[in-house]
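Observations on chain architecture
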Amino acid sequence: MNSNYIAFEGIDGSGKTSLIENLSTILDSQNKKHIIVREPGGTSVGEGIRELLLSHDYQVNPLAEALLMSASRAQLIQETVIPTINNGQVVVTDRSAYSSVAYQGVGRGLGYQEIYQLNDLAIDGFWPEKVILLDIDPKISLSRQKIADRIGSGEVDFFQKVRSGYLKLADEFESQFLVLNATKSIDENVNSICNWLEIDNT
Ligand code: TYD
């Protein structure tokens, strides 16, 4: 395995969760110690922030949204991610700072570079080593979604922008990103992930 800090990214309804569960089962079968975390959230402070961010009860201004996302992330990185990796375990994360660049930077229009820099500060440069991006047309992913949170219930136009933000990141950080077609079968995508991360899945 060639990475200790792996992120899954993609627009709402892209199917990150099933792939993370599949990868976790494979890592367990190989006794590869790992934890799964999610953003926003993943710590008790972060889960409190998550509630503020995703509840339909609050209207959150875009800049406040970006700052709360990065606050949750700053806590997670220091409290969990860095200690776990230093302890020799793998961290698999359901979203990361790259979500903020795509959602708040490009989707909300706060600026790709600005939100990249804000997050670089929040995580002290500790970006995921490998990113699996599940790429999908928002018209398809939104129709797959069962219950949408406040951000996930945005318009198709918003998700088109988020998708373009993700594709720009994948282009800029080509060697760190694996872009998968999220409409392919889970088995096919799990195989691609294992090959790319050099995990023996035979
Ligand atoms: P998540 O729980 O992954 O939702 P889903 O499983 O539906 O994809 O993420 C929650 C929402 O928060 C999702 O709409 C994406 C959004 N989000 C951002 O806008 N910026 C961020 O930095 C993060 C981590 C999430």
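This text goes with the structure placed above it.
Residues numbered from 1 in each chain as written. Predicted model: local features only at pLDDT ≥ 70, side-chain atom pairs only at ≥ 80, totals over all residues. Heavy atoms only, no water.

Turning next to the packing of aromatic side chains. Summed over the entire model, instances satisfying the criterion amount to 10 aromatic pairs. Ring plane angle 75° and centroid distance 5.2 Å describe the contact between Tyr 98 and Phe 177, whose orientation is recorded as edge-to-face. Highlighted residues: Tyr 98 in helix H4 (residues 97–107) and Phe 177 in strand S5 (residues 177–181), separated in sequence by 79 residues. Of the two residues, Tyr 98 and Phe 177, both sit in the buried class. Members of the aromatic cluster, connected to one another through ring pairs, are Tyr 98, Tyr 116, Trp 127, Phe 173 and Phe 177. (Phe/Tyr/Trp six-rings, centres within 6.5 Å; stacked < 30°, edge-to-face > 60°. Helix = DSSP H or I, 4+ residues; strand = E, 2+ residues; numbered from the N terminus. Buried < 20%, exposed > 50% of the residue type's maximum accessible area, 1.4 Å probe, protein only.)

Attention now moves to the site of the ligand. The ligand sits among 18 residues. The nearest are Asp 12, Arg 50, Arg 95, Ser 100 and Gln 104. Side-chain polar atom of Arg 73 to an oxygen atom of the ligand: 2.8 Å apart, as the coordinates give it. Taking Arg 95, its side chain carries an N or O atom lying 2.7 Å from an oxygen atom of the ligand. Protein contact buries 90% of the 540 Å² of open area that the ligand shows by itself. Elements with a contribution of two residues or more to the shell around the ligand: helix H2 (44–54), helix H3 (62–86) and H4. (Near = heavy atom within 4 Å. Polar contact = N/O pair within 3.5 Å; in protein donor to acceptor, adjacent residues only side chain to side chain. Areas by Shrake-Rupley, 256 points an atom, 1.4 Å probe, with all protein chains shown as cover.)

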